[in-house]
Amino acid sequence: MMDVTEVGATLATRLAAVRARIADAAARSGRSPSAVTLIAVTKTFPVDVVAALSALGQRDVGESRAQELLAKDRALEATVRWHFVGRLQRNKVAAVVGRAGLIHSVDRVPLAEAIGARATGQGRIQPVLVQVNAGADPAKTGFTLAEAESAVDRIRAIDGVTCLGLMTIPQREGDPRPAFGRLRALRDDLRARFPEVTHLSMGMSADYEVAIEEGATMVRLGEALLGPRTPDA
Ligand SMILES: *Cc1c(COP(=O)(O)O)cnc(C)c1O
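Residues numbered from 1 in each chain as written. Predicted model: local features only at pLDDT ≥ 70, side-chain atom pairs only at ≥ 80, totals over all residues. Heavy atoms only, no water.

Turning to the overall build of the protein chain, a few remarks are in order. Across its full length, the protein chain carries 9 helices and 8 strands. What you see for the protein chain is a C-alpha radius of gyration of 17 Å, in line with the 17 Å of a compact globule of 233 residues. C-alpha extents for the protein chain along the principal axes are approximately 50 × 40 × 30 Å. For the protein chain, buried positions account for 47% of its 233 residues. (Helix = DSSP H or I, 4+ residues; strand = E, 2+ residues; numbered from the N terminus. Rg over C-alpha atoms; globule rule 2.2 N^0.38 Å. Buried < 20%, exposed > 50% of the residue type's maximum accessible area, 1.4 Å probe, protein only.)

Turning next to helix α3 (residues 66–75). Every buried residue belonging to α3 is among A66, E68, L69, L70 and K72, and all of these are buried. Structurally, α3 contributes buried residues whose contacts are with α2 (47–55), β2 (60–63), β3 (81–84), α4 (93–96) and β4 (100–106). (Contact = heavy atoms within 4.5 Å.)

Summed over the entire model, instances satisfying the criterion amount to 0 aromatic pairs. If you follow R156 out to its NZ or CZ, it ends over the ring of F194, 3.8 Å from the centre. (Phe/Tyr/Trp six-rings, centres within 6.5 Å; stacked < 30°, edge-to-face > 60°. Lys NZ or Arg CZ within 6 Å of the ring centre and 35° of its normal.)

Attention now goes to the site of the ligand. Close to the ligand lie V41, K43, V85, I169, M204, S205, R220, L221, G222, E223 and R229. K43 has a polar side-chain atom sitting 2.7 Å from an oxygen atom of the ligand. Measuring from an oxygen atom of the ligand, one finds a side-chain N or O atom of S205 at 2.5 Å. In isolation the ligand offers 390 Å² of accessible surface; the protein chains occlude 90% of this area. Residue classes in the shell around the ligand are distributed as 5 nonpolar, 2 polar and 4 charged. (Near = heavy atom within 4 Å. Polar contact = N/O pair within 3.5 Å; in protein donor to acceptor, adjacent residues only side chain to side chain. Areas by Shrake-Rupley, 256 points an atom, 1.4 Å probe, with all protein chains shown as cover. Nonpolar A, V, L, I, M, F, W, Y, C, P; charged D, E, K, R; others polar.)

Here helix α5 (residues 109–121) is 13 residues long and its end C-alpha atoms lie 18 Å apart, about the 18 Å a rise of 1.5 Å per residue gives. Along α5, the residues that are buried comprise V109, L111, A112, A114, I115, G116 and A119. Of the surrounding elements, those touching the buried residues of α5 are α4, β4, β5 (126–131), α6 (145–156) and β6 (161–167). Within two residues after α5, G123 carries a phi angle of roughly 70°, on the positive side. (Expected span 1.5 Å × (residues − 1).)

Attention now moves to the pairing of β3. Relative to β3, β2 is paired through 4 bridges, and the arrangement is parallel. Within β3, the position partnered with E63 by the bridge is F84. Where β3 lies against β4, 3 bridges are found, and the strand directions are parallel. Among the inter-strand pairings, H83 is bridged to a residue of β4, identified as L102. (Pairing = 2+ DSSP bridges.)

The next subject is the side chain of R187. Within the secondary structure, R187 sits in helix α7 (residues 177–193). Each residue touching R187, except ones within four places of it in the same chain, is listed here: L166, V197, T198, H199, L200 and T217.

Among the nonpolar cores identified, the biggest contains 66 residues, and L88, I103, I115, I155, L166, I212 and V219 are the most heavily contacted of them. Ignoring anything within four residues of it in the chain, the contact list for I212 reads I22, A25, A26, S29, R31, V36 and V219. Listed in part, the 5 residues of the second largest apolar core include L102, L129, M167 and M218. (Core = buried A, V, L, I, M, F, W, Y, C linked by side-chain atoms within 4.5 Å.)

Quick look at the environment of A66 now. Position of A66 among the secondary structure elements: in helix α3. Sequence separation of A66 and R87 is 21 residues, and the distance between their C-alpha atoms is 8.9 Å. Excluding residues within four positions of it along the chain, A66 makes contact with F84, L88, K92, A95 and V96.

A separate point is unusual backbone geometry. A negative phi angle is the norm for most residues apart from glycine, just as the trans form is the norm for most peptide bonds. Despite not being glycine, T44 shows a phi value in the positive range, around 75°. If you trace the backbone, T44 turns up in the loop between β1 (37–41) and α2. Accessibility expressed as a relative area gives 32% for T44, which makes it partly exposed.

With that settled, the discussion passes to the pairing of β4. Counted residue by residue, β4 has 6 buried out of 7 residues, so it is predominantly covered. Handedness of the β4-α5-β5 crossover: right-handed. (Right-handed = clockwise from strand over helix to strand, strands pointing away.)

Before going further, it helps to examine the pattern of salt bridges. Scanning all chains against the criterion turns up 16 salt bridges. In this structure, D60 and R81 form a salt bridge, with 2.9 Å as the shortest nitrogen-oxygen distance. You can see D60 sitting in strand β2 and its partner R81 sitting in strand β3, a full 21 residues away along the chain. In this structure, K72 engages E63 in a salt bridge whose closest nitrogen and oxygen atoms are separated by 2.7 Å. Comparing K72 with E63, the two get one shared label, buried. (Salt bridge = Lys/Arg side-chain N within 4 Å of Asp/Glu carboxyl O.)

Here it is as structure tokens:
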């Protein structure tokens, strides 16, 4: 059983260290630290960890499985801003729409249609990001850079959905910086046409400082904050 006090102390230390590194990277890109939102990705960790994060003032929390987000949201007494960052099946949309403040991972138009239909039924507009495979990694989902602009056009036109930016997961091998730069250039083009397309969700534990230097407005950190996950997760 995990000692929550001890977890809280370790978390506080890690959170402070990560926040300092975020501030430094933001300064290197000529931005204020407040221009970068830290999302703590708590997948596989118990809901107590989410509660501890919330108690430390960390309000943005991410999950990559719909059922896990739903279960933690129901169990949690604190209020957090949920982000859904994983691959979303259409039959799991109901667990996430309205519960997640932002769905980062819209990687196909029919998924956006399902999200829009659900949100419209609830009288909501669901904020989403469009996932782009900016590193052209065959193992990753997401629109290609070539497809992304028309995908944003189509997704913007769907009732019940608002597209606030782009998200990417870089390939594990090699320098992620070029892919981050390409995503930023695409966001700049889109923002010139659609002012609400502002966010760049890019950067994980291994590369968040590079992502911030390249303009990330959101970084999604699991292991850098929480320590190693169990391998099969
Ligand atoms: C798990 C996950 C993260 C966090 O990964 P770390 O390497 O632990 O920082 C970020 N984004 C997505 C989409 C994830 O699935």
